[in-house]
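Architecture and fold: a report
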Amino acid sequence: MLTPLPARIDADRLWSRLMTMAEVGKTTGGGVCRLALTDEDRAARDLLAEWFGAAGLSVRVDDLGNMYGRRAGADPDAPPVVFGSHLDTVPTGGRFDGALGVLGAVEVVHALNDAGCRTRAPLEVVNWTNEEGARFQPAMLASGVLFGPLPLEAAYAARDASGRTFGEELDRIGYRGSAANRLARCAAYLELHVEQGPVLERAGTQIGVVEGVEGISWSRVQILGRAAHAGPTPMAERRDALVAAARLVLLLRDAAGALGTVRLTVGRLDVLPNTVNVVPGAVEMTLDIRSRRDDDLEAALRAADRVCGDVASADDVTVRRAEFWRSPATPFAGRVIAIVAGAAAGRGYTAARLWAGAGHDAKYVADRFPAGMIFVPSAGGLSHNEEEWTSPEDCARGAAVLLDTVLTLAELDRTA
Ligand code: HGY
Ligand code: MN
Ligand code: MN
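Reading the values: rules and limits
- Residues numbered from 1 in each chain as written.
- Chains lettered and ligands numbered in written order.
- Predicted model: local features only at pLDDT ≥ 70, side-chain atom pairs only at ≥ 80, totals over all residues.
- Heavy atoms only, no water.
- Core = buried A, V, L, I, M, F, W, Y, C linked by side-chain atoms within 4.5 Å.
- Buried < 20%, exposed > 50% of the residue type's maximum accessible area, 1.4 Å probe, protein only.
- Helix = DSSP H or I, 4+ residues; strand = E, 2+ residues; numbered from the N terminus.
- Domains from an automatic or database assignment.
- Contact = heavy atoms within 4.5 Å.
- Donors = N, O, S within 2.8 Å, 3.2 Å for Na, K, Ca; no water.
- Axes fitted to C-alpha atoms, helices over the stretch in contact; angles between N-to-C directions.
- Parallel < 35°, antiparallel > 145°, perpendicular 65-115°, else oblique.
- Left-handed = near helix turned anticlockwise from the far one by under 90°.
- Nonpolar A, V, L, I, M, F, W, Y, C, P; charged D, E, K, R; others polar.
- Phe/Tyr/Trp six-rings, centres within 6.5 Å; stacked < 30°, edge-to-face > 60°.

Section: the nonpolar core
With 105 residues, the main nonpolar core has Leu18, Phe83, Trp128, Phe166, Tyr189, Phe332 and Leu402 as its most contacted residues. Of the residues forming this core, the biggest block, eleven residues, is contributed by helix α12 (residues 392-410). If you count residues domain by domain, this core takes at least three from each of domain 1 (11-213 + 329-410) and domain 2 (215-327). If near-sequence neighbours (up to four positions away) are discounted, Tyr189 is found in contact with Val82, Phe83, Gly84, Ser85, Val126, Trp128, Val336, Ala362, Val365, Pro370, Ala371 and Gly372. Formed by 24 residues, the second largest nonpolar core is a distinct cluster that contains Val221, Val307, Val311 and Val317.

See the structure below:
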């Protein structure tokens, strides 16, 4: 394990970039709304391209809009060590989810530049398109096309709530590059990210050594009753889709909550016709189920279908669940995990091993190349919330572990 090198993370420089990026899509609640392929995302990308240039990185964009900043190595033919994350956010996002991984990576490059360090392997900093899946489903869409099961055409055809497609919006913001620019070779991939949960903070631990990404299932659930007049329709004769949905949400939570490793969320619910004097005829909602164990995830889905059937018969409605995205639980590469752990120890930081409850592009990259992640604590375990907070010190510690991990993987070129 390398001892810390002359290369040094500049905590103020990293924080200043994080706060500058946080101005792009800033919300009145102090958070960030930078939905994928919106004007705010374009502005963030343009700013990142500027910062890539200032760091001496050569920029390229692939046909999914993924942005790569490349730093030459002593061995131009060696596969690059790749590190980064995403700049898109959920509508009430925070300033650190994704941005810390991209800007922490830029800071690593500046630290190497300042110290005049050259690596044997080339380095590539990446900004993945549409990690969140908030505007265009599924999540991790772009890395899912490159390394996962998602067909390119399906990605381009993904529509947002207003009916605009991913492909149209990628063209509109001017970030549809070439397939020839896709990441094709990679010695290893690293992603620095805020934990987005309470584990590190509660344990008073500085660094999370991430062992893998939990499995995720996204379904659409349709509840069909019968629209009726809110006045004359007797209560006993109603087939009220919203009442059925309300019962279903609670029963799903109890059914899945009984399975220890499972977390279940109904995040979106649309009532139809959503009118003050009409008994709701239909409800459409989303179901997000996660577990680090695929068998628990399957058990939760079976329990969910049982509950859907019970509500359908009890409330005289039709309930249909259709899964539209599945990301299996994915372990990271043992060698990368060990190097991250060694880097944290080399800095004298306290560290703990854990699994990522959130999805990350590192999951799909890990399906193809050796990958790992570094977590830093989230205040109150909060994320996907405008009050998301990670301290400047924790951000800098994460970037230092990223720097040392990248250097170990890319090897310092001592011939220079
Ligand atoms: O859904 C997720 O876990 C990620 O934030 N896209
Ligand atoms: Mn993220
Ligand atoms: Mn997120």
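Observations regarding the coordination of the manganese ion (ligand 3)
Taken together, Asp97 (OD), Glu132 (OE), Glu132 (OE) and His384 (NE2) make up the protein donors of the manganese ion (ligand 3), found 2.1 to 2.6 Å from the metal. Counting residues between consecutive donors of the manganese ion (ligand 3) along the chain gives the motif D-x34-E-x251-H. A spacing of 3.5 Å is found between the manganese ion (ligand 3) and the manganese ion (ligand 2), which share Asp97 as a donor. A residue pair is termed long-range when its members are at least 10 positions apart, and Asp97 in the loop between β3 (81-86) and α3 (99-115) and Glu132 in the loop between β4 (123-128) and α4 (141-147) qualify at 35 residues.

What to know about the packing of helix α8 (residues 241-257) against helix α9 (residues 294-315)
Where α8 contacts α9, the axes come no closer than 9 Å and their chain directions differ by 150°. As summarised for this structure, α8 and α9 are arranged roughly antiparallel, according to the angle between their axes. In this structure, α8 crosses over α9, and the sense of that crossing is right-handed. The residues of α9 that touch α8, namely those facing Val243, Ala244, Arg247, Leu248, Leu251, Leu252, Ala255 and Ala256, are Ala300, Ala303, Ala304, Val307, Cys308, Val311, Ala314 and Asp315. A breakdown of the residues in the contact of α8 with α9 according to their chemical character gives 14 nonpolar, no polar and two charged.

Considerations on the packing of aromatic side chains
Within this structure, the stated rule accounts for eleven aromatic pairs. Taken together, a centroid distance of 5.6 Å and an interplanar angle of 80° make the contact between Phe136 and Phe166 edge-to-face. Here Phe136 is found in the loop between β4 and α4, whereas its partner Phe166 is found in helix α6 (residues 166-172), with 30 residues between them in sequence. No difference in accessibility class separates Phe136 from Phe166, as the two residues are buried.

Digging into the coordination of the manganese ion (ligand 2)
Distances from the manganese ion (ligand 2) to its protein donors, namely His86 (NE2), Asp97 (OD) and His193 (NE2), fall within the range 2.1 to 2.3 Å. The sequence pattern describing where the donors of the manganese ion (ligand 2) fall on their chain is H-x10-D-x95-H. Among the residues examined, His86 registers a relative accessible area of 0% and is labelled buried.

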